[in-house]
Amino acid sequence: KVGVALIYPAIVTVVAMLVVGVLLTYVVPQVVTVFEQSRQSLPFLTRALIAVSGLVREIWWVGLMLVVVAGFGARHLLRIPALRLRLHRFLLTLPVVGRLRSGLSSARFANTLAVLVGSGVPIVKALGHAGAALDDEVFRAATTEAAARVREGQSIGRALRQTGVFPGMLLHLVSSGEASGELARVLEQAARQQELAVETRLSALTALLEPLLILVMGGVVMVIVLATLEPIIDMNRLIR
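**Re the pattern of salt bridges**
Within the structure shown, the criterion is met by six salt bridges. Linking aspartate 136 and arginine 101 is a salt bridge whose minimum nitrogen-to-oxygen distance equals 2.8 Å. Highlighted residues: aspartate 136 in the loop between helix H6 (123–132) and helix H7 (137–151) and arginine 101 in helix H5 (residues 97–118), separated in sequence by 35 residues. Residue classification places aspartate 136 among the buried residues on the basis of a relative accessible area of 0%. Look at arginine 101 and you get partly exposed, because its relative accessible area is 21%. Among the salt bridges present, the one from arginine 185 reaches glutamate 182, with a minimum N-O distance of 2.3 Å. According to the relative accessible area criterion, arginine 185 is partly exposed, its value standing at 41%.

Structural data, given as structure tokens:
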């Protein structure tokens, strides 16, 4: 659902980058030749656009190489558990992305644990398997920590609460399910609640991203158009 919801913003972003790239590498240079022949003093915005256009045409291949190298380098570095843990911890601190990742990991954890507990798997082993099913290193480490505390005799809700990463609603439901002896059923409800929260946040995010991306794209194109039209307007004034 997250992937499908982000398809449209991704397409708009790619199209915006392509449009700006074509304008800077093809349209602007042709207009620049006209200005150079007129030998007039160009406005600052136009000179800045010409400089950016020339820079993009000269070193675009360097930027492409840097992106490729950075992609391979990041992929290699993220294989190191300590660096991957730092990255996931940083992502959880971001305003919107953090809550989405927290909700997704919590929903997956609750779903997996509900299936395992309902199948009669001992709770310590169930916590270990539920943690292994997560792709977020922070939640995986927290689940391992909680499993160790449950092995020592703590309750599940208290052990999860002491990790400090699980949402409060999930902790409340786990504690109530543990007290009532219906942990599997309550975990399924907690998973649905987390999934619903993620869907709500995701809908709000996409609703904000779509017009924001269009506004950014329109703003960039407007700057390019103004930088192109301003010297033309000045030429018309001089002719009059």
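What follows continues from the structure just given.
**Focus on the packing of aromatic side chains**
With the rule as written, the count across this model stands at two aromatic pairs. When the ring of phenylalanine 109 is compared with that of phenylalanine 166, the centres are 4.9 Å apart and the planes differ by 45°; the resulting orientation is tilted. Placement of the pair is phenylalanine 109 in helix H5 and phenylalanine 166 in the loop between helix H8 (156–163) and helix H9 (168–180), with a sequence separation of 57 residues. The exposure class assigned to phenylalanine 109 is buried, which follows from its relative accessible area of 0%.

**As for a nonpolar patch on the surface**
Judged by side-chain polarity, Trp60, Trp61, Leu64, Met65, Val68 and Phe72 come together as a nonpolar surface patch covering roughly 700 Å² of accessible area. Summarising the element assignment, leucine 64 is placed in helix H3 (residues 44–77).

**Regarding H8**
Those residues of H8 not exposed but buried are Ile156, Gly157, Ala159, Leu160 and Thr163. Down the axis of H8, the buried side of the element spans an arc of 165°, and every buried residue falls inside it. The N-cap residue of H8 is serine 155: its side-chain oxygen and the backbone nitrogen of arginine 158 are 3.3 Å apart. Just past H8, the residue glycine 164 takes up positive phi, approximately 80°.

**A closer look at the nonpolar core**
With 27 residues, the main nonpolar core has Phe109, Leu113, Leu160, Phe166, Leu170, Val174 and Leu187 as its most contacted residues. Counting only elements with at least two residues in this core, the list comes to H5, H6, H7, H8, H9 and helix H10 (183–239). Contacts of leucine 170, omitting those with residues within four sequence positions, involve Ser106, Phe109, Ala110, Ala190 and Gln194. If you look at the next biggest cluster of nonpolar residues, it comprises seven residues, including Leu23, Leu24, Leu49 and Ala227.

**Here's the deal with the confidence of the model for the protein**
Per-residue pLDDT for the protein averages 83, and the proportion of residues at 70 or more is 94%. For the protein, the element scoring lowest by mean pLDDT is helix H1 (residues 2–5), at 74; H7 scores highest, at 91.

**As for H7**
Structurally, the α-helix is built with 3.6 residues per turn, so residues lying three or four positions apart point the same way. The end-to-end C-alpha distance of H7 is 21 Å, a good match for the 21 Å that 15 residues give at a rise of 1.5 Å each. Residues of H7 that are buried include every one of Glu137, Val138, Phe139, Ala142, Thr143, Ala146, Ala147 and Val150, and no others. Its buried side turned inward, H7 meets helix H4 (81–93), H5, H6 and H8. Its side-chain oxygen placed 2.9 Å from the backbone nitrogen of valine 138, aspartate 136 serves as the N-cap of H7. Within two residues after H7, glycine 153 carries a phi angle of roughly 115°, on the positive side.

**Side note on the environment of lysine 1**
Considering the arrangement of structural elements, one finds lysine 1 in the segment before H1. As for lysine 1 and glutamate 199, which are separated by 198 residues in sequence, their C-alpha atoms are 8.0 Å apart.

Rules behind the numbers
Residues numbered from 1 in each chain as written. Predicted model: local features only at pLDDT ≥ 70, side-chain atom pairs only at ≥ 80, totals over all residues. Heavy atoms only, no water. Salt bridge = Lys/Arg side-chain N within 4 Å of Asp/Glu carboxyl O. Helix = DSSP H or I, 4+ residues; strand = E, 2+ residues; numbered from the N terminus. Buried < 20%, exposed > 50% of the residue type's maximum accessible area, 1.4 Å probe, protein only. Phe/Tyr/Trp six-rings, centres within 6.5 Å; stacked < 30°, edge-to-face > 60°. Patch = residues over 30% accessible without salt bridge, like charges linked within 9 Å, V, L, I, M, F, W, Y side chains within 5 Å. Areas by Shrake-Rupley, 256 points an atom, 1.4 Å probe, with all protein chains shown as cover. Arc of directions from axis to C-beta. Polar contact = N/O pair within 3.5 Å; in protein donor to acceptor, adjacent residues only side chain to side chain. Core = buried A, V, L, I, M, F, W, Y, C linked by side-chain atoms within 4.5 Å. Contact = heavy atoms within 4.5 Å. pLDDT = per-residue confidence, 0-100. Expected span 1.5 Å × (residues − 1).

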